[in-house]
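A closer look at the structure
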Amino acid sequence: ERPSLRAALAGDRPLRVGWSCLPDPLTTETMVRAGFEALLLDLQHGMIDMGAAPAMLAAIRAAGGYALARVPVGEYQSASRLVDWGAEMVVAPMIETVDDARAFASFMKYPPDGLRSYGPARAVQLSGLSAEAYRTSANGSTLAVVMIETRSALANLDAILAVPGIDGVFVGPYDLSIALSPDGEPGLDRPDTIAAMERVVRQTKAAGKVCGAFGANAALVRRYLGLGFTFATLSTDMDLIAGAVKAAIAEVESA
Ligand code: 3PY
Ligand code: MG
């Protein structure tokens, strides 16, 4: 039996996590077979909708990967459905307050911890567990992760980390750097952005929780792992495909 996502994230090297925007299960399956051990389906900014998600979650898991998903802002009801369909982590963007975190956690965890409604037939099928084993392990093994990407989230971080049912945080460096800038400019390399990310790592690790970041490219993934993040997602399916096409054309035409 494979380790839970929580156990895999606590392993001796960071998990290789990819990012999917394209709503196609064969693309996600290909990314996992090519080396990503986990893949996040982006239902916030990606083109993936709730209709596309079930087959994509199944494709990730059939290829042996861990299935992660990000919901659109405030769509906690969708988080429940994604875990019902086999997502092992759901990431909620633009969380600002303890109340936001509580609302999200309540949709992710079964009673008595939360108000997730019971109906995990598909998650049971994909997990290979009995319904009883799934139900009793789900609150511990399914991760509710809040995005820290606003000034209020930074200010409220310790209180957000103390919300029962919140398993970790994920930093969006674009929104965070825009929020920290006086003129709304993104700046992934700015010292204030990096210092804020270091603080998030420190506070999150002190709370014993998982700490992820969006890594737009290999250099940023290395930077974030160097700062102590538990994991950093590497690029996106769109950027990886576009980069490979450009490199292949250049190789032909530069000869
Ligand atoms: C951000 O950087 O704001 C993100 O949400 C990454 O997708
Ligand atoms: Mg963001």
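As shown above, the structure is provided for reference.
Reference entry: report on the structure contained in this document. Since we're looking at a predicted model, the values are computed, not measured.

Here we look at the packing of aromatic side chains
Under the criterion given, the structure shown has seven aromatic pairs. Aromatic pair W19 and F170: ring centres 6.0 Å apart, planes at 20°, arrangement stacked. Of this pair, W19 sits in strand 1 (residues 17-20) while F170 sits in strand 6 (residues 168-171); the two residues are 151 residues apart in sequence, bridging distant segments of the chain. We note that W19, like F170, is buried.

Regarding the side chain of E149
Relative to the assigned elements, E149 resides in the loop between strand 5 (143-148) and helix 8 (151-155). Notably, E149 is buried but unbridged: the nearest opposite-charge side chain belongs to R70, and the N-O separation is 5.1 Å.

A look at a nonpolar patch on the surface
Where nonpolar side chains cluster on the molecular surface, the patch consists of I241, V245 and I249 and spans about 250 Å² of accessible area. Take I249: it is sitting in helix 13 (residues 237-253). Taking the relative accessible area as the measure of exposure, I249 reaches 44% and is therefore partly exposed.

Some remarks on the coordination of the magnesium ion (ligand 2)
All of the protein donors around the magnesium ion (ligand 2) are E149 (OE) and D175 (OD); their distances to the metal are 2.1 to 2.2 Å. With E149 in the loop between strand 5 and helix 8 and D175 in helix 10 (residues 173-180), this pair connects stretches of sequence that are 26 residues apart. Overall, E149 belongs to the buried group, its relative accessible area being 2%.

With respect to the pattern of salt bridges
Opposite charge on two side chains permits pairing when their charged atoms draw close. Applying the stated rule across the entire model yields 12 salt bridges. In this structure, R102 and D99 form a salt bridge, with 3.6 Å as the shortest nitrogen-oxygen distance. Here R102 pairs with D99, and both are found in helix 5 (residues 98-108), just three residues apart, close to one helical turn. The exposure class of D99 is exposed, given its relative accessible area of 56%. Of the charged contacts in the structure, one is a salt bridge between E132 and R135, with a shortest N-O distance of 3.0 Å. Remark: R135 and E132 occur in helix 7 (residues 131-141); sequence separation between them is three residues, near one turn of the helix.

Rules behind the numbers
Residues numbered from 1 in each chain as written. Chains lettered and ligands numbered in written order. Predicted model: local features only at pLDDT ≥ 70, side-chain atom pairs only at ≥ 80, totals over all residues. Heavy atoms only, no water. Phe/Tyr/Trp six-rings, centres within 6.5 Å; stacked < 30°, edge-to-face > 60°. Helix = DSSP H or I, 4+ residues; strand = E, 2+ residues; numbered from the N terminus. Buried < 20%, exposed > 50% of the residue type's maximum accessible area, 1.4 Å probe, protein only. Lys, Arg positive; Asp, Glu negative; His and termini not counted. Salt bridge = Lys/Arg side-chain N within 4 Å of Asp/Glu carboxyl O. Patch = residues over 30% accessible without salt bridge, like charges linked within 9 Å, V, L, I, M, F, W, Y side chains within 5 Å. Areas by Shrake-Rupley, 256 points an atom, 1.4 Å probe, with all protein chains shown as cover. Donors = N, O, S within 2.8 Å, 3.2 Å for Na, K, Ca; no water.

The analysis is restricted to geometry; functional conclusions fall outside its scope.
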